[in-house]
Amino acid sequence: MAVLAPGTPAPEFRLARGDGGTFTDEDLAGRTSVLVFYPFAFSPVCTDQLQLYEELSVELADRGDALYGVSCDSSWAQSAFREQLGVSSEQLSDFEPKGAACAAFGVLHPGGFPQRALVITGPDAVVRWSYQAPSPGDLPGVELLREGLAAASGEAPVA
């Protein structure tokens, strides 16, 4: 299965938040949201990716947009990962049932972890832009994410 294409409504899903709460498809409504699917907390490429995306945190906040990291790691591991990296993006866990949300978004690797993928939804919770890396070891850079945000909002790419 491939990552959800633009124009597809976000599927119903449930992810665990670090505080024990639940994040669902309803939480996507009302703002542009970036879901960053990554294979494993504390792995080198995932560490680099989330630190790179932190560069956009002020820009996203100014626009009212949100960025969320999603993996199949436990919420405890993700909280420790976020704390160690010092990043502001909330980390969401697809641990139980493992990989269900990733499968719904079309990014579950046969090995039981998320493919490295980006999904941007609009305030209507419809996918506006999506990207799946050729392999879990390929890092989609900040410029690609900026291009995705521009495409999702109908703006010219940010230089």
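Structure: above.
Residues numbered from 1 in each chain as written. Predicted model: local features only at pLDDT ≥ 70, side-chain atom pairs only at ≥ 80, totals over all residues. Heavy atoms only, no water.

Draft legend 1. Quick look at the overall build of the protein. A tally of helices and strands in the protein yields 5 helices and 7 strands. Reading the protein from its N end, one meets helices and strands in the order β-β-β-α-α-β-α-β-α-β-β-α. A globule of 159 residues ought to have a C-alpha radius of gyration of about 15 Å, and the protein, at 14 Å, matches this closely. Dimensions of the protein, computed from the C-alpha atoms along their principal axes, are close to 35 × 30 × 30 Å. For the protein, the residues scored as buried account for 48% of the 159 residues in total. Accessible surface, the protein as shown: approximately 7,200 Å² in total, 53% of it carbon and sulfur. Seen as two clouds, the 9 positive and the 21 negative side-chain charges of the protein have centres 1 Å apart. (Helix = DSSP H or I, 4+ residues; strand = E, 2+ residues; numbered from the N terminus. Rg over C-alpha atoms; globule rule 2.2 N^0.38 Å. Buried < 20%, exposed > 50% of the residue type's maximum accessible area, 1.4 Å probe, protein only. Areas by Shrake-Rupley, 256 points an atom, 1.4 Å probe, with all protein chains shown as cover. Lys, Arg positive; Asp, Glu negative; His and termini not counted. Charge placed at Lys NZ, Arg CZ, Asp CG, Glu CD.)

Draft legend 2. Quick look at the pattern of salt bridges. This structure, assessed with the given rule, holds 5 salt bridges. In the salt-bridge network here, residues are joined through shared partners; they are E59, E143 and R146. (Salt bridge = Lys/Arg side-chain N within 4 Å of Asp/Glu carboxyl O.)

Draft legend 3. Region of the structure containing helix 3 (residues 75-85). Residues of helix 3 that are buried include every one of S75, Q78, F81 and L85, and no others. When helix 3 is viewed along its axis, its buried side chains cluster within an angular range of 120° and face the same direction. In this structure, helix 3 carries W76, E83 and Q84 as exposed residues pointing more than 90 degrees from its buried face. Where helix 3 is buried, its residues touch helix 1 (44-53), strand 4 (66-71) and strand 5 (90-93). Looking one or two residues past helix 3, G86 carries a phi angle of roughly 70°, positive in sign. (Arc of directions from axis to C-beta. Contact = heavy atoms within 4.5 Å.)

Draft legend 4. Expanded view of the nonpolar core. Grouped together as the largest cluster of nonpolar side chains are 22 residues, with contacts concentrated most on L35, F37 and F105. Of all the elements in the fold, those that place two or more residues in this core are strand 3 (33-37), strand 4, helix 4 (100-104) and strand 6 (117-121). Looking at which element gives the most residues to this core, the answer is strand 4, with 3 residues. Apart from the residues lying within four places of it in its own chain, the contact partners of L35 are L28, Y68, V70, F105, A117, L118 and V119. (Core = buried A, V, L, I, M, F, W, Y, C linked by side-chain atoms within 4.5 Å.)

Draft legend 5. The arrangement of the pairing of strand 5 in detail. Where strand 4 meets strand 5, 4 bridges bridge the pair, whose relative direction is parallel. Residue pairing across strands places G69 opposite Q91, the latter belonging to strand 5. (Pairing = 2+ DSSP bridges.)

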